[in-house]
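Chains, contacts and geometry: an overview
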Amino acid sequence: MTTPKTFKQFWGLFTTLLAIFSIGAVLLPIFLNAHPWPTAARDYLAMRGNTDSGATNLVSAIYLGYRVFDTFGETIVLLVSVLGTMGILTRVESLVDASSDDEHTIGTVSGFSLSQEKRRSHTLRTHLLEVVTGKIGPIVLLFGFYVMLYGHVSPGGGFQGGVILASGIIFLALGNPQEGSSGISNPEILVRIETVAFLILVLVFFSGFFMGNGFFGNPLESTQVPVGYIVLLNAIIGLKVGTSIGFMCIAMMGGGY
Amino acid sequence: MISVILTLILVLAVFTLMSKDLLHGVIAMSAVSLMCSLLFVILQAPDVAITEAAVGAGVSTVIFVWALRHTKRRDDDNT
């Protein structure tokens, strides 16, 4: 009785969505081509951006110089999402511990994960996976550090390099034959790095006060190397993003807590 | 070239919505992210392309696949 109705509702929603998607895909390029692009901000950035912030990559000059507030909000969003993930996981764990008394769950890990030898990640751990991810992990980490630290020159930056770092951390966590044998996939160390990075980020944002530039101000603005502020912020944001996303993935795989 | 990629993104997104097998949907969504990053490269936004490729095609696919392993992959066949 209810199934045809829900199917019909789903079909109506689907056709509506399909119509919106198709109209958007067909009409939007035509609409965008009909108007000339605004050029005031582009010309201002091309003229002043390099001398103001010292960064060759003008995108990093925008999101770490002119619009730092957005980047600050983004790091807070990431922190809150990690908090929410851990809240859900630990709540599942407490529910499992309260409702069932079988030996499949052990107390210190989340409810998603089984005890050490029954964990599904162990059945995934073939020799192929160990060899490939264990070898490719450090290379991915190195590339992540490159993208993170050279964000002011080449395409990339803190967030991009941090996500690449996170994939390297996940590779290393998948590739380790014993759990916890490598410090970089240890969740406690990852959480400590993340929180310390966030604290340093806020302190660096405050450092503009002492040079008279205000909150979010660049303390090196009047010196010869104003780009140092962007490099520092890229490194801190990259560490924070990489450790928090890596920690979330490791926690969802049942590797700790 | 751009319109071809946009059409491909549209087809893959509709397939993601329609697919009964959730794993196929996740793979198609990661392909949407890949096509998006290709589009960003063509539109000369390499920063956004790196982000899209790393987050959309990499990390979120890993998270979705791990979530699928702990839930049911298929829909119930009562529709």
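Values in this document were obtained by computation on a predicted structure and should not be read as measured data. (Residues numbered from 1 in each chain as written. Chains lettered and ligands numbered in written order. Predicted model: local features only at pLDDT ≥ 70, side-chain atom pairs only at ≥ 80, totals over all residues.)

Section: the overall build of chain B
Summing up its helical and strand segments, chain B has three helices and zero strands in all. Seen in sequence order, chain B has helices and strands lined up from the N terminus as α-α-α. Viewed in the frame of its principal axes, chain B has a C-alpha envelope of about 45 × 25 × 10 Å. Per-residue burial for chain B yields a buried fraction of 22% across its 79 residues. Look at the contacts in chain B between residues 6 or more apart in sequence, and 48% of them connect residues 24 or more apart. (Helix = DSSP H or I, 4+ residues; strand = E, 2+ residues; numbered from the N terminus. Buried ≥ 20, exposed ≤ 12 C-beta atoms within 10 Å, placed from the backbone. Contact = placed C-beta atoms within 7 Å.)

Section: the interface of chain A and chain B
Tallying the contact residues gives 25 residues for chain A and 20 residues for chain B. Listing elements by their share of the side of chain A that touches chain B, those giving two or more residues are α1 (2–34), α7 (158–175) and α9 (227–252) of chain A. Considering only residue class, the side of chain A that touches chain B consists of 19 nonpolar, five polar and one charged. (Nonpolar A, V, L, I, M, F, W, Y, C, P; charged D, E, K, R; others polar.)

Overview of the environment of alanine 53 of chain B
Residue and element names in this part refer to chain B. Looking at where alanine 53 falls in the secondary structure, it is placed in helix α3 (residues 46–69). The exposure class of alanine 53 is buried, given the 20 C-beta atoms found within 10 Å. Between the alpha carbons of alanine 53 and leucine 34 there is a distance of 6.0 Å; along the sequence they are 19 residues apart. Those residues in contact with alanine 53 that lie beyond four places of it in its chain are Leu34, Ser37 and Gly58.

Quick notes on the confidence of the model for chain B
Residue and element names in this part refer to chain B. In this model, chain B carries a mean pLDDT of 84, and residues with pLDDT of at least 70 account for 94%. Ranking the helices and strands of chain B by mean pLDDT puts helix α2 (residues 22–42) first, with 92, and helix α1 (residues 2–18) last, with 82. ipTM for the predicted complex: 0.79, alongside a pTM of 0.77. (pLDDT = per-residue confidence, 0-100.)

Details of helix α8 (residues 187–206) of chain A
All names here are of chain A. In this model α8 runs 29 Å from its N-terminal to its C-terminal C-alpha over 20 residues, within 8% of the 28 Å that 1.5 Å per residue would give. Within the sequence span of α8, burial applies to Leu190, Glu194, Ala197 and Leu201. Around the axis of α8, the buried residues are gathered within 65° of arc, so they sit on the same side. Among the exposed residues of α8, those oriented more than 90 degrees off its buried face are Glu188, Arg192, Leu199, Val202 and Leu203. (Expected span 1.5 Å × (residues − 1). Arc of directions from axis to C-beta.)

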